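Residue-level structure breakdown
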Amino acid sequence: MLQVKIDSLTSNVGTDTIFLEPVLKEYHVSAQGSGHPLIQYAAGQGFQFPRTFYETCKGGSCAGTFQADGSIATGSASVGCQSLSTGGGTGLAPGPGSGGTCVTKADYLLFVGRSPNQFWRIKSVAVSGADVVIDSRNRLRAKFTFENKDGSCLPPKSISVGDVVVEGPEADRFIDAANPWKNAFVQQ
C-alpha cells in the first residue's frame, strides 16, 4: 500500500502486489553405488523414465533374446546388442566388416509424467553410453546407438545416469536439508 503526502495534499491509497522471485542455485547430484538417488527419488514421486524405442539387427547371429530394459528409473539400463555373422544381412545398417555392421538403438525419456515444482528446473543430465537431447522443457531424451562392426557377439551394453544438475531456490523450507534438490520433485 502507498499513500503520498505533500504539504496539505494527500493522495489516495494505492495498492499493488510485489512478487519476490527466489535467489536460485544449482544443485549437482551424482550416481551412488548401483543407482542414482535423484532419479530413484523422482521416480518414487511420480516421474517416469520409460524406454520409448528399441531396435537391433534382424536375422542376427547371437543366441538369446535381445531387448532393452523398459525404464531407466533406477539410474541405469541394459541394452542387448545383436551381431551379424555374414555380410549383407538384414540389419538396420548392413555394411563393411567381417559380418556387416549391426546397429542397435534405444531411446529413454527422462522426467516425464509431471513437471518439477515451481521455481525448479532440470538444467542438465549426463548419461554414459548415450547422447542426451532436449525433448521439451524439463524433459530430456537419452539416445543410445551402438554399431557392432566386427560381427562378434557381445554382452548387453549398459547406460547409466551420471551427474544431474537442477536449479532451484537457495533458501526454502527443504523437506531434506541434506538433499535440498528433493524439493524439485516432491509431490505437494
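Data block above holds the structure.
Residues numbered from 1 in each chain as written. Predicted model: local features only at pLDDT ≥ 70, side-chain atom pairs only at ≥ 80, totals over all residues. Heavy atoms only, no water.

**Some thoughts on unusual backbone geometry**
As a reminder, the rule being used: Runs of H or I in DSSP of at least four residues are treated as helices and runs of E of at least two as strands, each being numbered from the N terminus. The classification of residues rests on relative accessible area computed with a 1.4 Å probe and restricted to protein chains. Under 20% of the type maximum is buried, over 50% is exposed, and intermediate values are partly exposed.
Of note in the backbone geometry, Asp 7 takes a positive phi value of approximately 50° without being a glycine. Within the element layout of this structure, Asp 7 appears in the loop between β1 (5-6) and β2 (9-10). When its relative accessible area of 74% is taken as the criterion, Asp 7 is described as exposed. Although it is not a glycine, Phe 111 sits at a positive phi angle of roughly 65°. Among the secondary structure elements, Phe 111 is positioned in the loop between β6 (102-110) and β7 (121-128).

**Side note on the packing of aromatic side chains**
Stated precisely, the cut-off is as follows: Any pair of Phe, Tyr and Trp rings, taking the six-membered ring for Trp, is counted once the centres come within 6.5 Å. Such a pair is stacked with planes under 30 degrees apart, edge-to-face with planes over 60 apart, and tilted for the rest.
Applying the stated rule across the entire model yields six aromatic pairs. Centroid distance Phe 47 to Phe 185: 5.3 Å. Interplanar angle 85°. Geometry classified as edge-to-face. Residue Phe 47 is located in the loop between α1 (37-44) and β4 (51-55), and its partner Phe 185 is located in the segment after β10 (157-169); the two are separated by 138 residues in the primary sequence. Assessed through its relative accessible area of 3%, Phe 47 is described here as buried. Taking the relative accessible area as the measure of exposure, Phe 185 reaches 0% and is therefore buried. An aromatic cluster is defined as three or more aromatic residues linked by ring pairs; in this entry it consists of Phe 47, Phe 49, Phe 111 and Phe 185.

**What about the state of the cysteines?**
Heads up, the rule is: Any pair of cysteine sulfurs within 2.5 Å is marked as a disulfide.
Per the stated rule, a full pass over the model turns up two disulfides. The disulfide that involves Cys 57 links it to Cys 102, with 1.8 Å between the sulfurs. Here the disulfide of Cys 57 and Cys 102 is right-handed, its torsion about the S-S bond being about 140°. Residue Cys 57 is found in the loop between β4 and β5 (76-79), and its partner Cys 102 is found in strand β6; the two are separated by 45 residues along the sequence. When the cysteines of the protein that form disulfides are numbered from the N-terminus onward, they connect as 1-3, 2-4.

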